[in-house]
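Each chain is listed here by its residues.
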Amino acid sequence: MSGQQPLDAVGQFAPWAGDEERALRVRIHRALTGAIARATRERNGRSRALYYVAAEVGQAWVFRRVDDCADLERVIRALCQLFMAADNVFQLEGPDADE
């Protein structure tokens, strides 16, 4: 890794990560924070649940040590699919009736 560590969560809690691995972990961390933000704003219960699942997956993998960066790429694909599923549920169902 080059010179000084970046001042972000991945740089602080995964200083052992190489450049490629670090970039993947940053993407997972951004998806994690985005999932939490979207879950708190979501107006459909099923969509909200999918965003919380995405947040849990991101949280479980963002700092987990892996032997192969392909595992992190698969996690990113899974997170994308969860985001798309949550969006599709909202598009189909709209907001919950009690709002």
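In what follows, the structure referred to is the one given above.
Residues numbered from 1 in each chain as written. Predicted model: local features only at pLDDT ≥ 70, side-chain atom pairs only at ≥ 80, totals over all residues. Heavy atoms only, no water.

A. Highlighting the overall build of the chain. Of the regular secondary structure elements, the chain holds four helices and zero strands. Starting at the N terminus, the α and β elements of the chain follow one another as α-α-α-α. The C-alpha extent of the chain, read off along each of the three principal axes, is 55 × 25 × 15 Å. Within the chain, the fraction of its 99 residues that count as buried is 34%. For the chain, restricting intrachain contacts to residue pairs at least 6 apart in sequence, the fraction spanning at least 24 positions comes to 64%. Element-wise, carbon and sulfur atoms account for 52% of the exposed surface of the chain, whose accessible area totals about 6,200 Å². Between the averaged position of the 13 positive side-chain charges in the chain and that of its 15 negative side-chain charges there is a distance of 2 Å. (Helix = DSSP H or I, 4+ residues; strand = E, 2+ residues; numbered from the N terminus. Buried < 20%, exposed > 50% of the residue type's maximum accessible area, 1.4 Å probe, protein only. Contact = heavy atoms within 4.5 Å. Areas by Shrake-Rupley, 256 points an atom, 1.4 Å probe, with all protein chains shown as cover. Lys, Arg positive; Asp, Glu negative; His and termini not counted. Charge placed at Lys NZ, Arg CZ, Asp CG, Glu CD.)

B. Layout of the pattern of salt bridges. Taken as a whole and judged by the stated rule, the model has four salt bridges. R25 is the partner of E21 in a salt bridge, and the nearest nitrogen-oxygen pair spans 2.7 Å. Note that E21 and R25 are positioned in helix α2 (residues 19-41) at a spacing of four residues, about one turn of the helix. Across the pair, R25 and E21 agree in class, each one buried. Of the charged contacts in the structure, one is a salt bridge between E93 and R46, with a shortest N-O distance of 3.0 Å. Of the two residues, E93 is situated in helix α4 (residues 69-93) and R46 in helix α3 (residues 45-61); the sequence distance between them amounts to 47 residues. With relative accessibility at 40%, the residue E93 sits in the partly exposed group. (Salt bridge = Lys/Arg side-chain N within 4 Å of Asp/Glu carboxyl O.)

C. Up close: α3. Its 17 residues give α3 an end-to-end C-alpha distance of 25 Å, which sits within 8% of 24 Å, the value for a rise of 1.5 Å per residue. Taken as a whole, α3 has its buried residues at S47, Y51, A54, A55 and G58. For α3, the arc enclosing every buried residue in end-on projection is 100°, short of the 170-degree limit, so these residues lie on one face. Looking at α3, the residues exposed on the side facing more than 90 degrees away from the buried face are R46, E56 and Q59. (Expected span 1.5 Å × (residues − 1). Arc of directions from axis to C-beta.)

D. Fine view of the packing of α2 against α4. At a minimum axis distance of 10 Å, the contact between α2 and α4 shows a crossing angle of 20°. Judged by the angle between their axes, α2 and α4 are roughly parallel. Judged by the twist between their axes, the crossing of α2 over α4 is left-handed. Facing α2, whose interface residues are E20, E21, L24, R25, R27, I28, A31, G34, A35 and R38, α4 presents C69, L72, E73, V75, I76, L79, F83 and D87. Of the residues belonging to the contact of α2 with α4, the class tally is ten nonpolar, one polar and seven charged. (Axes fitted to C-alpha atoms, helices over the stretch in contact; angles between N-to-C directions. Parallel < 35°, antiparallel > 145°, perpendicular 65-115°, else oblique. Left-handed = near helix turned anticlockwise from the far one by under 90°. Nonpolar A, V, L, I, M, F, W, Y, C, P; charged D, E, K, R; others polar.)

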